[in-house]
Structures are given as structure tokens and as C-alpha cells.
Amino acid sequence: MKIIFLGTGTSQGIPVIGSKDPVCLSQDKKDKRLRSSIFIDYKNTQIVIDCGPDFRQQILSNNIDNVDAILFTHEHADHTAGIDDIRPFCHKKGAMPIYTHPRVMKNLEERFSYIFATENRYLGAPSVVPHIVLNQDFKIKSILIKPIIVGHGSIDILGFLIDKFAYLTDVKTIAETEKSKLKGVNTLVVNALRITKHPTHFNLQEALDLIKEINPKKAYLTHISHKLGFHKVVAKKLPKNVFLAYDNLKILV
Ligand SMILES: [Zn+2]
Ligand SMILES: [Zn+2]
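Residues numbered from 1 in each chain as written. Chains lettered and ligands numbered in written order. Predicted model: local features only at pLDDT ≥ 70, side-chain atom pairs only at ≥ 80, totals over all residues. Heavy atoms only, no water.

> Looking at this structure, I do not really get the coordination of the zinc ion (ligand 1). What am I missing?
Tetrahedral coordination by four donors puts the ideal angle at the metal at 109.5 degrees, and octahedral coordination by six puts it at 90 or 180 degrees. Protein coordination at the zinc ion (ligand 1) comes from D78 (OD), H79 (NE2), D170 (OD) and H223 (NE2), with a distance range of 2.1 to 2.3 Å. Considering all four donor atoms around the zinc ion (ligand 1), angles at the metal cover 93 to 164° and the coordination shape is irregular. The metal-metal distance between the zinc ion (ligand 1) and the zinc ion (ligand 2) is 3.4 Å, with D170 coordinating both. Of this pair, D78 sits in helix α3 (residues 77–80) while H223 sits in the loop between β12 (218–222) and α9 (231–237), and the two are 145 residues apart along the sequence. (Donors = N, O, S within 2.8 Å, 3.2 Å for Na, K, Ca; no water. Tetrahedral: all angles 85-135°; square planar, octahedral: opposite > 155°, others 65-115°. Helix = DSSP H or I, 4+ residues; strand = E, 2+ residues; numbered from the N terminus.)

> Before we go on, may I ask you to explain the coordination of the zinc ion (ligand 2) in this structure?
Around the zinc ion (ligand 2), the protein contributes the donor atoms H74 (NE2), H76 (ND1), H152 (NE2) and D170 (OD), at 2.2 to 2.4 Å from the metal centre. One can describe the site at the zinc ion (ligand 2) as irregular: its four donor atoms subtend angles covering 91 to 175° at the metal. Of note, the donors binding the zinc ion (ligand 2) are all from one chain and are spaced H-x1-H-x75-H-x17-D. Of the residues examined, H74 reaches a relative accessible area of 0% and is grouped as buried. (Buried < 20%, exposed > 50% of the residue type's maximum accessible area, 1.4 Å probe, protein only.)

> In this structure, what is going on with the nonpolar core? I would like to understand it.
Generally speaking, soluble globular proteins have nonpolar side chains that are buried together. With 29 residues, the main nonpolar core has L168, L182, V190, I211, L221 and L238 as its most contacted residues. Breaking this core down by element, the ones donating at least two residues are β8 (143–152), β9 (155–162), β11 (187–191), α8 (204–214), β12 and β13 (242–244). By residue number, the principal contributor to this core is α8, which donates six residues. In this structure L238 touches L204, L208, L221, F243 and L244, once residues within four positions along its chain are discounted. I140, L158, I162 and A245 belong to the second-largest nonpolar core, a separate cluster that totals 27 residues. (Core = buried A, V, L, I, M, F, W, Y, C linked by side-chain atoms within 4.5 Å. Contact = heavy atoms within 4.5 Å.)

> Any chance you could explain the pattern of salt bridges here in plain terms?
Side-chain pairs of opposite charge can arise whenever the charged atoms involved come near each other. The full count for this structure, using the stated rule, is twelve salt bridges. With a closest N to O distance of 2.7 Å, R103 and E75 form a salt bridge. Residue R103 is located in helix α5 (residues 102–111), and its partner E75 is located in the loop between β4 (69–71) and α3; the two are separated by 28 residues in the primary sequence. Overall, R103 belongs to the partly exposed group, its relative accessible area being 27%. (Salt bridge = Lys/Arg side-chain N within 4 Å of Asp/Glu carboxyl O.)

> Would you take a moment to explain the side chain of H223 for this structure?
By relative accessible area, H223 is classed as buried at 1%. Looking at H223, its side chain comes within polar contact range of the side chain of T10, at 3.4 Å. (Polar contact = N/O pair within 3.5 Å; in protein donor to acceptor, adjacent residues only side chain to side chain.)

> Where do I start with the sheet that holds strand β2 (residues 37–42) in this structure?
Judged by pairing direction, the sheet is mixed, and its seven strands sit side by side in the order β6-β5-β4-β3-β2-β1-β14 without closing on themselves. On the outer flanks of this sheet lie β6 (128–132) and β14 (250–252), each paired with one strand and no other. Neighbour-to-neighbour, the strand axes of the sheet open up by a mean angle of 20°, direction not taken into account. This element, α5, spans β5 (96–100) and β6 of the sheet and lies at about 130° to β5. (Pairing = 2+ DSSP bridges. Axes fitted to C-alpha atoms, helices over the stretch in contact; angles between N-to-C directions.)

> Sorry if this is basic, but what is going on with α8 here?
Since the α-helix turns once every 3.6 residues, residues separated by three or four places project in the same direction. Taken as a whole, α8 has its buried residues at L204, E206, A207, L208, L210, I211 and I214. Residues of α8 that are buried make contact with α7 (176–180), β11, β12 and β13. Of the residues one or two after α8, N215 is the one with positive phi, at around 55°.

As C-alpha cells, this is what we get:
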């Protein structure tokens, strides 16, 4: 399984517009973070998790020419606002299969009604094939995907487990039953927003605590804000099996 981190930043990305924070002003490429998303290439199937406002740029800069399906973790704009830019894929292959929680699907239908419209469609508008994800395994082509339900403040959102690879973002809490699905995971991706605590996202310590408990071979931190610090500095302080992800990082699982 090939993974590309298309983006590893929190909702505003890094740099934040107009910010004079030293991390926002950093010239290190690893301190420039687009909104969080990953590309998975496995068993001749290409999947993207989340489709934020940087989707077009992310797909172009990684020369991606096919996406078979998009999984959405939740409805927040930093994970969904790029959906209009699936158009080139729709023009080539038809409606894009999308997979998410029923609440998230309803939210997308309301915000992007022209994409879901069945009548009087605008010529060239993107189209989707909606698939509802409950707490049950599902398949995209021959790939089996296990949803992991996690808490993100007051809402439940989705993480995804594919074989021994798990992707969790925007997590603040995780129930024991869901945690138990992650036992034996080889590579775990999890969010770590900043050093201090936050009401709806793990801070660094909370992410490290979960990693310690799950004990994967390797863990990668994502959904990072400038308040976590410089990539170079933070990366050095992490446990041996924990890595700070950065945009366009490619890994093999
Ligand atoms: Zn987010
Ligand atoms: Zn969110």
C-alpha cells in the first residue's frame, strides 16, 4: 500500500494568512502545511480521504490522475470544501463514489445541492454516488475498509482502517470498543494539533498517549497547527516509532 500525505495542516493551514508567528514565517518546506488529506494506492485502487480546500493543488502537485472514491471523515470545511474540484475525474469516469457518515452526507447535500441534484443540473457540474457508512465494514473494489468511530468535540466522526493501516484525524476521544479495533495496526496516522490542550482535537501528549496504548510499528502525526512548533524541532523530540508527517511525504505500508 502506497500512501501520500496530501496535506498535514489544521483548518487554516500553515502559514496562517497574515500571521507573523515564526513557524508561519519559516522557510522550511516541512513547515508549510495544506489542509489534511491522504491518497491511498492499493490493489490497483486509488482512494482519497477528505477533500479540503487545497484538493486541486494537492492532486496536481502529486501528479495524481485517478481517484476511484473519496472517503470523508466529517463535514468540517477543511475536510470537504474542495469537492467541486472532483470535476475532471467526473468528466473522465462519471460520478465519483463518496463514502461517509449519514449526518455528513446530509450536510454535503445541503451545502453542495448542485452536485447532488438529479434534475436541472448545471452542465459540467460534478456528480457523486453517495454511500452511507455506518459502523460496519465496507468494500471499495477489492479493498475492505473498517470504519472507526471517534469523538471530535460534540460530534462523532469517522476514522478508517485498511488492513494494518489506520487513519484518524480530528480526534479528541475514542471509546474502548473502537480502540480495540486498532490492536495489531502496523501504521497509525493520528492528529496532534499543538502543545497545549484543545477542546476538540488531541494535543501532542494525547496523541502520544494513544500511540503508546495502540503500540503500532510506526505512527505519523498530522492535522498540525503552527502552535505545535517548527517541524525540525518537534520531530527530534518524538519517540523512536513516531514521525511528524509533512506535505507530500510518501510511505509504503
Ligand atoms: Zn480538521
Ligand atoms: Zn474538524
